[in-house]
Amino acid sequence: MSASVHAAAATPDQPVLVVDFGAQYAQLIARRVREANVYSEIVAPDLSASEYAALSPAGIIFSGGPASVNVDGAPAIDPGVYELGVPILGICYGAQLIASQLGGTVTRFEAGEYGRTDMTVAGGDLLEGLPRSQSVWMSHFDCISDVPEGFTVTASTEHAPVAAFESDGVCGVQYHPEVSHTPHGQAVIERWLDRSGITRTWTMANIIDEQVAAIREQVGSGRAICGLSGGVDSAVAAALVHKAIGPQLTCVYVDTGLMRKNESDQVVETFQKTQGIELIHVQAADDFFVKLAGLTEPESKRKAIGETFIRVFERASAGIDDAHFLVQGTLYPDIVESGGKHASTIKSHHNVGGLPDDMTFALVEPLRALFKDEVRKVGTELGLPDEIVWRQPFPGPGLGVRIIGEVTPDKVAVLQEADHIVREVLRDAGLEREIFQSFAVLPDIRSVGVMGDERTYGYPIIVRAVTSEDVMTADWARIPYDVLETISSRVINEVDGVNRVGYDITSKPPGTIEWE
Ligand code: XMP
C-alpha cells in the first residue's frame, strides 16, 4: 500500500526495551515482561545511546544471541548506554556482552552447557528469596570468567563460574529466565523489574483505554472500513475500533465460498447481531470458483484468490462514502519480523485483506503493539465469544489451499464436512486449545475401499494437527489413538465420497503446516 499513511501506535511512555541480539528469545523476553504487567518493546542493537535515551526506557534488557563476544564484528551496544542511568539486565549473550564491555573476561571453556542445569546461588539482590539450589535452562559455549570491577558474582554452575552477577544498576544472568524450563525465571524477571523501581500496572484494560483514545484522535469524525476475515486479529481490531467510533465503522465480510462450515453465519451473527456493528456481507463464492476453475498450481491458486478478493472488496467498499481509514489487525510480531532479517519467502502469504497499491487509506492498526495472547485477552475483555477469540489461525486463501489440485464447489463441500468433524472431535476431546492448528486436507487422489458389500472408489481425507509456539517450527500433535479412531470412523461414515483417513506425521521443517 504505497499511498497509505501509517498510524503511530499509542504505547505507554516508558517501555522496557528488549535489545534483540538475533536469537529467537527476544520476543519471548518481551512477552514475559508484559506478563509481569510492564509494557515492553523490541529494538535493534545498533541504536546510539541518545537514540535509546529518546525512547525513555524504564529499563533495558539485552537478549541472548548466537554470536561470541570475542569474534570481530559481534553485535555490541553503544557504551554510552551504560552511562544513561537506566537499569540493565543482560541475558546469556547479553550478560557476556556486559562483562566484556565493562572490563570483565569472557572465555571459551572445554564444555558448554545446553539444557537443564543445576545452579547454586551465593547471594545477591536479584536472586534474593529464591532457592539456593535451582534448575535453570542454559544454552552457551562461551562463559564469563571474570566480572568487571564493582560487580559481584551471585550464582554459578558446574561449567559457568559466573551464572549471575550484579552491581547496583546492571545485572547479568548466563541462563535463560524467559523460557518455561527455568522454573524461577519469571520470578527473576519480576524481581529485576521491582528492584529497578519499575511499576507493574500495564493491563489489558489500560490497552483498551489507550487504544480507544488513540483511535478517536486519529479518525476524528471520519469513516473507517474493516475487512473481517473471520480470524481473531481482524475481529478484535474491529471490536476495538467499534468501541472507539461506533457507527463510523463499517465492516466488510467477503464470503469467498472457501470458508469452514458455518463460519460465515457465525461472523455475521457475532458482528451484526451481537456487537451491533454495521456489516456488509458479500456473497462472492461464484466469483472465486470461476477464477479457480482449471487451476492446480498452489501459487496460481493463491494469486487468483488474492486478486479476486481485492476486486470484490473494492466493489463493496466503493459504496461506503468518504471512508478514509482502513482498519487492519496487524500484530507486533508482524512488525518485528517484517523489519527483521528472516526474509526467505517459502510461500507467498497473500493474506486475504492485502489491498492494492492505489487505495489511499490511512491505516488504523490498534493491535500493532500486541502479541497474539494479548489480542485474545483484549477480545475477551471486549465481549467477543470464545469461538472467535480462541479460533485457530486460518490461512487467507481458506480451504482453497487445503484442496490439492483444482478447487470445485463439490470438493469444498466434502472438505467442509470432514474438517467440521475433525475439529468437533478434537474440541470434544478437550484438545483444541493445546493444538495450534488442526484441520482436514483433501488430496487429489482416490483409492479403492469396501463399505458393506460394495466396492468404493473415493477420496482420502488427511488429518493435520500441529503444535507450535511461533509458526516457524511445528510438530505433529500426539493425538491419542482413540481420538484418531473417532475421527476416522466419523469422517468415513458421515462424509459422502470419502473412504480413507490418514494422519500427517510430518514436522515443520521439513513439511509446512499447510499442504499447499
Ligand atoms: P505454513 O504452511 O507456511 O503456514 O507452515 C504457516 C502459517 O501460515 C498460514 N498460512 C497462510 N496464511 N495466507 C495466510 O493468510 C496464506 O497464503 C497462508 N499459507 C499458510 C498457515 O495456516 C499457518 O498458520
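From a predicted model like this one, the values you see are computed outputs, not experimental measurements.

Rules of the game
Residues numbered from 1 in each chain as written. Predicted model: local features only at pLDDT ≥ 70, side-chain atom pairs only at ≥ 80, totals over all residues. Heavy atoms only, no water. Salt bridge = Lys/Arg side-chain N within 4 Å of Asp/Glu carboxyl O. Helix = DSSP H or I, 4+ residues; strand = E, 2+ residues; numbered from the N terminus. Buried < 20%, exposed > 50% of the residue type's maximum accessible area, 1.4 Å probe, protein only. Domains from an automatic or database assignment. Contact = heavy atoms within 4.5 Å. Buried area = accessible area lost by both parts, 1.4 Å probe. Polar contact = N/O pair within 3.5 Å; in protein donor to acceptor, adjacent residues only side chain to side chain. Arc of directions from axis to C-beta. Phe/Tyr/Trp six-rings, centres within 6.5 Å; stacked < 30°, edge-to-face > 60°. Lys NZ or Arg CZ within 6 Å of the ring centre and 35° of its normal.

S.K.: Help me get a handle on the pattern of salt bridges, residues and values and all.
M.R.: Under the criterion given, the structure shown has 27 salt bridges. Where Glu374 meets Arg34, a salt bridge forms, and the shortest distance between an N and an O atom there is 2.6 Å. Here Arg34 lies in helix H1 (residues 25-35) and Glu374 lies in helix H11 (residues 372-381), a separation of 340 residues in the sequence. Across this residue pair, the class does not change: Glu374 and Arg34 are buried. Salt-bridge contacts for Glu299 lead to Arg302; the nearest nitrogen and oxygen are separated by 3.3 Å.

S.K.: Explain the domain arrangement of the chain to me, using residue names and the numbers behind them.
M.R.: Considered domain by domain, the chain is made up of domain 1 (9-199), domain 2 (204-389) and domain 3 (403-503). Placing a centre on the C-alpha atoms of domain 1 and another on those of domain 2 gives a separation of 38 Å. Between domain 1 and domain 2, the residue contacts involve 12 residues of the former and 13 residues of the latter. Summing the contributions of domain 1 and of domain 2, the shared interface buries around 1100 Å²; its carbon and sulfur component is 51%. Inspection of the region where domain 1 meets domain 2 yields 2 salt bridges. Our count for the contact surface shared by domain 1 and domain 2 stands at 3 residue pairs in polar contact (both at pLDDT 80 or more). Among the elements of the structure, H1 and strand S2 (40-43) are those that each provide at least two residues to the side of domain 1 that touches domain 2. The dominant element in the side of domain 1 that touches domain 2, judged by the number of residues it contributes, is H1, at 5 residues.

S.K.: Now, about helix H4 (residues 185-195): what can you tell me, with residues and values included?
M.R.: For H4, the complete set of buried residues consists of Gly185, Val188, Ile189, Trp192 and Leu193. Axial view of H4: buried residues confined to an arc of 135°, hence all on one face. Phi turns positive, to about 75°, at Gly197, one or two residues after H4.

S.K.: Any details on the packing of aromatic side chains? Residues and values, ideally.
M.R.: Scanning the entire structure with this criterion turns up 8 aromatic pairs. On the basis of an interplanar angle of 20° and a centroid distance of 5.9 Å, the ring pair of Phe309 and Phe313 is categorised as stacked. Taken together, the positions of Phe309 and Phe313, both in helix H9 (residues 298-318) and 4 residues apart, correspond to about one turn of that helix. Residues Phe309 and Phe313 agree in their burial class; the two are buried. An aromatic cluster of three or more residues is present, and its members are Phe21, Phe62, Tyr82 and Tyr93. A cation over an aromatic ring shows up here: Arg402 above the ring of Phe439, its NZ or CZ 3.6 Å from the ring centre. Just above the ring of Tyr459 sits the side chain of Arg446; from NZ or CZ to the centre is 5.7 Å.

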